[in-house]
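Coordinate inspection notes
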Amino acid sequence: MTKVEPIIELHPWLAMPPGQALLEWEQAQMDRLVADVFGFHALQLGLPEVDALRANRMQHRWLALDAAYEGWTPPEVPLTLEAMGACGTTAHLRCDFESLPFPSNSLDLVVLPHALELARDPHHTLREVERVLVPEGRVVIAGFNPASLWGVWQRMGRWGVNRALVLPQGEFIAYWRLRDWLRLLGMEVDTGCFGFYRPLVREPQWWQRLQWMERAGDRWWPVLGAVYFVVAIKRARGMRLVGKIKRQRVPVSAAPAVVANRHIQSVEGNRLSTATQERE
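Below or above, wherever it landed, is the structure these notes cover. (Residues numbered from 1 in each chain as written. Predicted model: local features only at pLDDT ≥ 70, side-chain atom pairs only at ≥ 80, totals over all residues. Heavy atoms only, no water.)

Attention now goes to helix 4 (residues 122-132). Buried within helix 4 are the following residues: Pro122, Thr125, Leu126, Glu128, Val129, Glu130 and Val132. If you follow the buried residues of helix 4, they end up packed against strand 1 (41-45), strand 4 (107-113), strand 5 (133-144), helix 6 (175-184), strand 6 (187-195) and strand 7 (227-234). (Buried < 20%, exposed > 50% of the residue type's maximum accessible area, 1.4 Å probe, protein only. Helix = DSSP H or I, 4+ residues; strand = E, 2+ residues; numbered from the N terminus. Contact = heavy atoms within 4.5 Å.)

Written out as structure tokens, the structure is:
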């Protein structure tokens, strides 16, 4: 079950200039990463401000919201079936992210836009995602990077600097740590990317002036971006024999026929030589 407290702070933060820029960038990344994923069933967990499945062409697509979103609607866009159907997502449901109402090996694609950071037990949520994915199914995860300027800013807020406490107060998961979790679940990391290298500022004019840091950061310090994406594939491991196979020794059988033939040929040769001597 998702923590209720961070949800109250997340969505007002997304209305700020950094939050709006973040949603725009994440929407573009989602469109790029899920466009060529094929199958029949796709699921998005949380963050309805981003339509993560709009570029995907699967027949059945769902947006899942947990109890923390009870009675909540995105600003300016009501959370209705008509609005969601217009942007591509066909239906939504309310469920616990740690107990998804789907059978095992039933979904081809699962997208988690900042769902693990707000989860009460991110390990359990990730195991549940691995359970519902079909073999060779894909999971796309977006998260905040603690090893970035935004991560440092959030830690300053926790240390008592009130003005620095402007990020959603979820539990940020490091990029390499998430990769280790995926490997432990038998999932192979396919690709990853980073973005947002500007410091977190509230003033729109300063946010625009620091646009040059995006190009510089992508070139000179790419792993220090404030947000990252990870795409992993659930691999189906085949069975193989381990250990040495004992070979059965086939006993060597005698060949009496060969010896008998040689004996017969020698006897017949003696008879022919004897008959020749008698004629002479």
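Before going further, it helps to spend a moment on unusual backbone geometry. Positive phi values are uncommon outside glycine, yet Leu47 reaches one of about 50°. The residue Leu47 is located in the loop between strand 1 and strand 2 (60-65) in this model. In this structure Leu47 comes out as buried when scored by relative accessible area, which is 4%. With phi around 65°, His114 is a residue other than glycine that occupies positive phi space. With respect to the helices and strands, His114 occurs in the loop between strand 4 and helix 4. On the basis of relative accessible area, His114 is assigned to the buried category, the value being 6%.

Pairing is possible between side chains of opposite charge, provided their charged atoms come close. Taken as a whole and judged by the stated rule, the model has eight salt bridges. Between Lys234 and Glu130 there is a salt bridge, and its shortest N-O distance comes to 3.8 Å. Taken together, the residues Lys234 in strand 7 and Glu130 in helix 4 connect sequence positions 104 residues apart. This pair shows no difference in class: Lys234 is buried, exactly as Glu130 is. A salt bridge links Arg235 to Glu136, with the shortest nitrogen-to-oxygen separation between them at 2.5 Å. With Arg235 in the loop between strand 7 and helix 9 (256-279) and Glu136 in strand 5, this residue pair connects regions lying 99 residues apart in the sequence. Through salt bridges with shared partners, a single ionic network connects Glu136, Glu188 and Arg235. (Salt bridge = Lys/Arg side-chain N within 4 Å of Asp/Glu carboxyl O.)

For the rest of this paragraph, the subject is the nonpolar core. Counting 32 residues, the largest nonpolar core has Leu45, Leu112, Leu178 and Leu182 as its most contacted members. For this core, the elements supplying multiple residues, two or more each, are strand 1, strand 2, strand 4, helix 4, strand 5, helix 6, strand 6 and strand 7. Beyond its immediate stretch of four places on either side in the chain, Leu45 contacts Ala64, Phe97, Leu100, Val110, Val111, Leu112, Pro113, Ala115 and Val129. Residues Val50, Ala52, Val111 and Val227 belong to the second largest nonpolar core, which totals 31 residues. (Core = buried A, V, L, I, M, F, W, Y, C linked by side-chain atoms within 4.5 Å.)

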